[in-house]
Amino acid sequence: MQFSALLLTALSLVATAAASCGDALPSSPTPGGSSELRYITSGGISRTYRLYLPEGYTNNDAAPLIFSFHGNGGNATKQEQISKFSEPEFNTKYVVVYGNGAKNDKGSRSWEGASYSNEGVSDVQYTADVLAAVEEELCIDSDRVYANGKSNGGGFVGLLSCSSTLAPKFAAFAAVSGAFYTGTHEPCNPGGVRPFMEFHGMADNVIPYIGGEKKGGTLGRVDDYMQTKAELNGCADGEGPDVTAKGAAEGEVWRREWKCGGDKNVVVHYNETVLAHSWPGTEQTQPENELVYATQPILDFFELWS
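Here's a quick rundown of the structure. (Residues numbered from 1 in each chain as written. Predicted model: local features only at pLDDT ≥ 70, side-chain atom pairs only at ≥ 80, totals over all residues. Heavy atoms only, no water.)

### Here's the deal with the overall build of the protein chain
Helices and strands together make up the secondary structure of the protein chain, namely 6 helices and 14 strands. Within the protein chain, buried positions represent 53% of all 306 residues. Partitioning the contacts of the protein chain with sequence separation of at least 6, the portion at a separation of at least 24 is 67%. Counting 22 positive and 37 negative side-chain charges, the protein chain places the averaged centre of each group 3 Å from the other. (Helix = DSSP H or I, 4+ residues; strand = E, 2+ residues; numbered from the N terminus. Buried < 20%, exposed > 50% of the residue type's maximum accessible area, 1.4 Å probe, protein only. Contact = heavy atoms within 4.5 Å. Lys, Arg positive; Asp, Glu negative; His and termini not counted. Charge placed at Lys NZ, Arg CZ, Asp CG, Glu CD.)

Written as C-alpha cells, this is what we have:
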C-alpha cells in the first residue's frame, strides 16, 4: 500500500510538471533580471510577449506561471510596470508572461472580446500557443497557471475563464478595472470551478461600475458580472456581506466574497469608492488609506488555488 501511494505521488508530480524539467536553464532571460521580449507565430501572425524569471528560478523545480494582459492601447512593458509582478518585493517564485495584443491598422494593441478587437485574430489561441512554448522551454507546474489583466486585458481574462478548451488549464483568474463587454462572457462554458477576483472603482469613467454603452460595446454592472461568475462556479452557499476591506478606512473599499461548496474565496470582489480607471497601488496611490492595492491580494488569491 505504501509503495502504491508513493508511485501515485510520483506519477502525479510528473503529470503536473512541464516536459523540460531537468533540462539546462535557457541562456536568457536571467532569473531575477530584466524580462525578455520573445517572438511566436500564432494563427499565421507574428506575435510577441515578454518573459520574466524570478530570482532563484531553476529548471529543476516546477514553478507557477502568471499570464498578465495589458489594457487597450497598452503593451507588455506597461503591464509589467503597473502590475509589479517582476519586482522581488512581491514575486519571488512566479514565472510571468506579459502578453502583447496584436496591433490594429492604427498600431494600437488590444485583446479579443471588444468591438475594437482585431477581427480574425484569436487571442485564446495565442495564449494557448505561448503557454505551450513556455512549458516546452521551462519547468512549469501545470496545476499552478494563472491569468490576470487590466481593463480590456481584464475582460480578456474573463473570456479565458469562459473557454471550454483553455479555462481548464488555469487555476484562477484576476482582473483590475475589467472591461467585461458582452463578447467576453457569452457563451460561458468553463467546465468546472474557475476562481475569479476583480478590483473595480466607483470613480472609473472609462469602464463604469454601473455599465453602459462604451467604446468596446455594451457593459453590464460589475457586481452583476461577479454574481454571474459566482453562479457559474456553483456558489450555492451564497455571497458574504459587503465588508470594509482590511487596510482601508471605514466604508471606502468594500470586499465581497462568495463561498462555494464550503470553500472560501472562490469569487472575490473589491469595490473601491475613490478608484478611477487605474491599477491601485501603482497608477493610483492616493488617498492611501482609501485604497486597497491590487498586486499582493492577487498573488495571495492565486496562492489559494491549484
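From this point, things continue past the structure.
### Points about the state of the cysteines
Considering all chains together, one arrives at 3 disulfides under this definition. Paired through a disulfide, C21 and C139 show a sulfur-sulfur distance of 1.9 Å. On the sign convention where negative is left-handed, the bridge of C21 and C139, at about 95 degrees about the S-S bond, is right-handed. Within this pair, whereas C21 is found in the loop between α1 (2-16) and β1 (36-42), its partner C139 is found in the loop between α3 (123-137) and β7 (140-150), the two being separated by 118 residues in sequence. You can call C139 buried: its relative accessible area is 0%. For C235, the disulfide goes to C260, at an S-S distance of 1.7 Å. With the S-S bond torsion at 55 degrees, the cross-link from C235 to C260 turns out right-handed. Here C235, found in the loop between α5 (222-232) and β12 (243-244), pairs with C260, found in strand β13 (residues 253-260); they are 25 residues apart in sequence, far enough to count as distant. (Disulfide = S-S within 2.5 Å.)

### Observations regarding the packing of aromatic side chains
Summed over all chains, the structure comprises 17 aromatic pairs. Taking 5.4 Å as the distance between ring centres and 15 degrees as the angle between the ring planes, the aromatic pair formed by W111 and F156 counts as stacked. Placement of W111 in the loop between β6 (109-110) and α3 and of F156 in helix α4 (residues 152-160) is noted, with a sequence separation of 45 residues between them. Each member of the pair, W111 together with F156, is buried. Seen in terms of ring centroids, Y116 and Y181 are 6.3 Å apart; in terms of plane orientation they differ by 90 degrees. Their pairing is edge-to-face. (Phe/Tyr/Trp six-rings, centres within 6.5 Å; stacked < 30°, edge-to-face > 60°.)

### Considerations on the pattern of salt bridges
Within this structure, the stated rule accounts for 10 salt bridges. Taking the shortest distance from any N to any O, the salt bridge between R50 and E80 comes out at 4.0 Å. Here E80 lies in helix α2 (residues 76-83) and R50 lies in strand β2 (residues 45-52), a separation of 30 residues in the sequence. Each member of the pair, R50 together with E80, is buried. The residue K150 makes a salt bridge to E283 at a minimum N-O spacing of 2.8 Å. Remark: E283 occurs in the loop between β14 (263-272) and α6 (295-303) and K150 occurs in strand β7; sequence separation between them is 133 residues. Accessibility expressed as a relative area gives 30% for E283, which makes it partly exposed. The structure contains a network of salt bridges with shared partners spanning E36, R38 and E137. (Salt bridge = Lys/Arg side-chain N within 4 Å of Asp/Glu carboxyl O.)

### Concerning the layout of surface pockets
Empty space among the atoms can be located by rolling a probe the size of a water molecule over them. Quantified by volume, the largest pocket comes out at close to 230 Å³. As for the largest pocket, its lining consists of 17 residues, and the residues nearest its centre are G71, N72, S151, V206 and H277. Ranked by residue count, the leading element in the lining of the largest pocket is α2, at 3 residues. Here the residues of the lining of the largest pocket are counted per class, giving 5 nonpolar, 7 polar and 5 charged. (1 Å grid on protein atoms, 1.4 Å probe; cavity = no way out; pocket = protein on both sides within 12 Å on 5 of 7 lines; lining within 4 Å. Points joined across faces, edges and corners; volume = space filled by probe spheres on them. Nonpolar A, V, L, I, M, F, W, Y, C, P; charged D, E, K, R; others polar.)

### Quick look at unusual backbone geometry
Here the bond from S28 into P29 is cis, since omega is 0 degrees, no more than 30 degrees from zero. Looking at the secondary structure, you find P29 in the loop between α1 and β1. In this chain, Q286 is followed by P287 through a cis amide linkage whose omega measures -10 degrees. The backbone of K84 sits at a positive phi, close to 65 degrees, despite the residue not being glycine. Mapping K84 onto the fold places it in the loop between α2 and β4 (95-99).

### Overview of the nonpolar core
Within the largest apolar cluster, 71 residues are counted, with the highest numbers of intra-cluster contacts made by L65, F67, V95, I298 and F302. Apart from residues lying up to four places away in sequence, F302 is in contact with I66, Y94, Y146, A147, N148, A172, F173 and A174. Among the nonpolar cores identified, the runner-up in size contains 6 residues, and Y116, Y181, I207 and L219 belong to it. (Core = buried A, V, L, I, M, F, W, Y, C linked by side-chain atoms within 4.5 Å.)

### Notes on the pairing of strand β8 (residues 172-176)
Where burial is concerned, most of β8 is hidden: 5 out of the 5 residues are buried. Of the two faces of β8, the one holding A172, A174 and V176 and the one holding F173 and A175 are both buried throughout. Bridging between β7 and β8 involves 5 bridges; their strand directions are parallel. Within the sheet, the bridge partner assigned to N148 lies in β8 and is A174. After leaving β7, the chain enters α4 and then returns to the sheet as β8, a path that is right-handed. Summarising the sheet, β8 and strand β9 (residues 196-201) pair through 4 bridges and their orientation is parallel. Following the sheet pairing, V176 is matched in β9 by F199. (Pairing = 2+ DSSP bridges. Right-handed = clockwise from strand over helix to strand, strands pointing away.)

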